[in-house]
Amino acid sequence: MPAKRKAAAAAVGGVFDASVVESSFGAKVVAAGREYAEKGHVDTSSVEIDRTADGFHVVAQCEGQQEPFYNVKVTVGGASITKKWCSCRVGKFGSCKHIAATLFHVVEKGLDAFTAAPKIVTKSVDKEQEARWKKACKEKKKELANLSIPELKELLKANRQPVSGTKAELLERATDGAVRGALPKCPRCHGGYLRFNPKAKKARYFCKGYFDDDTFVPCHFEAEEVERGPWTDLEKGPEE
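Residues numbered from 1 in each chain as written. Predicted model: local features only at pLDDT ≥ 70, side-chain atom pairs only at ≥ 80, totals over all residues. Heavy atoms only, no water.

Some details on the overall build of the chain
Move 1: Within the chain, the secondary structure is distributed over seven helices and 14 strands.
Move 2: By the burial criterion, 43% of the 240 residues in the chain qualify as buried.
Move 3: For the chain, long-range pairs separated by at least 24 residues make up 52% of all intrachain contacts whose partners lie at least 6 apart in sequence.
Move 4: Surface summary for the chain: the accessible area is close to 13,400 Å², and the carbon and sulfur share equals 51%. (Helix = DSSP H or I, 4+ residues; strand = E, 2+ residues; numbered from the N terminus. Buried < 20%, exposed > 50% of the residue type's maximum accessible area, 1.4 Å probe, protein only. Contact = heavy atoms within 4.5 Å. Areas by Shrake-Rupley, 256 points an atom, 1.4 Å probe, with all protein chains shown as cover.)

Below, the structure written as structure tokens:
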């Protein structure tokens, strides 16, 4: 193993390293996954690490051929991969190059190179700030209303937000994100997209779950506030 990879493995903890990835997939998947990782197909900014007592959980996005990107979820316990899933056609069986590429990327960079899983914010909502956001949303919605459905989807996709729904739903989602920030994946199930209801007095953020292959995995996460990420304007770049 090259010196650089040895150093990265040590950063992961000396337990989970490239050899674990190599032993968890077939030779073709390993080769394709390593190539994808080396060519930068794993979006580093999308990788979120949720550390546990005996390992870690990873969610990430990897570029694909049929889709701009695929969602990847992996759970690692000690020196073994306990759960692996990807939204691509093959990934539902837990063995694809996107999963392998994500793991090689984590080994190469080390856990500390990635963003921690979204945090739940316990402080109360600032009413004055909420009023400013409400006003800003009205102005932003008028601005974004001129975008076509493909343009709205492109904007949402660039910010790793769901792209399904009617134009009205896409517009609401893009407006909210542009003003308040990008919604993270659910910090509890790691698979569902958080939903936001600004009119709710409590539990404004919630997750109902997600589909893992053909099986719906329910989730009952609720929170008054969560930490949102930066929003990327396609013309201006990310807003801090």
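Side note on the environment of Gly77
Move 1: Relative to the helices and strands, Gly77 resides in strand S3 (residues 69–77).
Move 2: For Gly77, a relative accessible area of 21% gives the class partly exposed.
Move 3: When the C-alpha atoms of Gly77 and His57 are compared, they prove to be 8.6 Å apart, with 20 residues separating the residues in sequence.

Concerning the pattern of salt bridges
Move 1: Applying the stated criterion to the full structure yields 10 salt bridges.
Move 2: One salt bridge connects Lys39 with Glu35, and the closest N-O pair in it is separated by 2.8 Å.
Move 3: Given a relative accessible area of 39%, Glu35 falls into the partly exposed group.
Move 4: Where Arg228 meets Asp176, a salt bridge forms, and the shortest distance between an N and an O atom there is 2.8 Å. Of this pair, Arg228 sits in the loop between strand S12 (225–226) and strand S13 (231–233) while Asp176 sits in helix H7 (residues 167–180); the two residues are 52 residues apart in sequence, bridging distant segments of the chain.
Move 5: Overall, the relative accessible area of 15% leaves Arg228 in the buried class. (Salt bridge = Lys/Arg side-chain N within 4 Å of Asp/Glu carboxyl O.)

A few points about the sheet that holds strand S8 (residues 205–206)
Move 1: Spatially, the three strands line up as an open sheet ordered S7-S8-S11, and their pairing is antiparallel. The sheet is open, and its two edges are formed by strand S7 (195–196) and strand S11 (222–223), each paired on a single side.
Move 2: Relative to S8, S7 is paired through two bridges, and the arrangement is antiparallel. Note on S8: the bridge partner recorded for Phe196 is Tyr205. (Pairing = 2+ DSSP bridges.)

Thoughts on helix H6 (residues 149–158)
Move 1: When H6 is considered as a whole, its buried residues turn out to be Leu152, Leu155 and Leu156. Mapping the buried residues of H6 onto a view down its axis gives an arc of 95 degrees, with all of them on the same face.
Move 2: Phi turns positive, to about 55 degrees, at Arg160, one or two residues after H6. (Arc of directions from axis to C-beta.)

Details of the nonpolar core
Move 1: By size, the foremost hydrophobic cluster in this structure holds 33 residues, and its most contacted members are Phe16, Phe25, Phe56, Ile81, Ile99 and Leu103.
Move 2: Per element, the largest residue contribution to this core is seven residues, and it comes from helix H4 (residues 97–109).
Move 3: Leu183, Cys207, Phe221 and Ala223 belong to the second largest nonpolar core, which has 12 residues in total. (Core = buried A, V, L, I, M, F, W, Y, C linked by side-chain atoms within 4.5 Å.)

Quick word on H4
Move 1: In this model, H4 (13 residues) spans 18 Å end to end at C-alpha, consistent with the 18 Å of a helix rising 1.5 Å per residue.
Move 2: Taken across its 13 residues, H4 has 10 buried, putting it largely inside the fold.
Move 3: Those residues of H4 not exposed but buried are His98, Ile99, Ala100, Ala101, Thr102, Leu103, Phe104, His105, Val106 and Val107.
Move 4: Immediately downstream of H4, the backbone of Gly110 shows phi near 90 degrees, a positive value. (Expected span 1.5 Å × (residues − 1).)

Re the pairing of strand S4 (residues 80–86)
Move 1: Looking at chain direction, S3 and S4 are connected through six bridges and run antiparallel. Across the sheet, Val72 pairs through a bridge with Cys86, a residue of S4.
Move 2: Counted between consecutive antiparallel strands, the loop separating S3 from S4 contains two residues, among which Gly78 sits at a positive phi close to 65 degrees.

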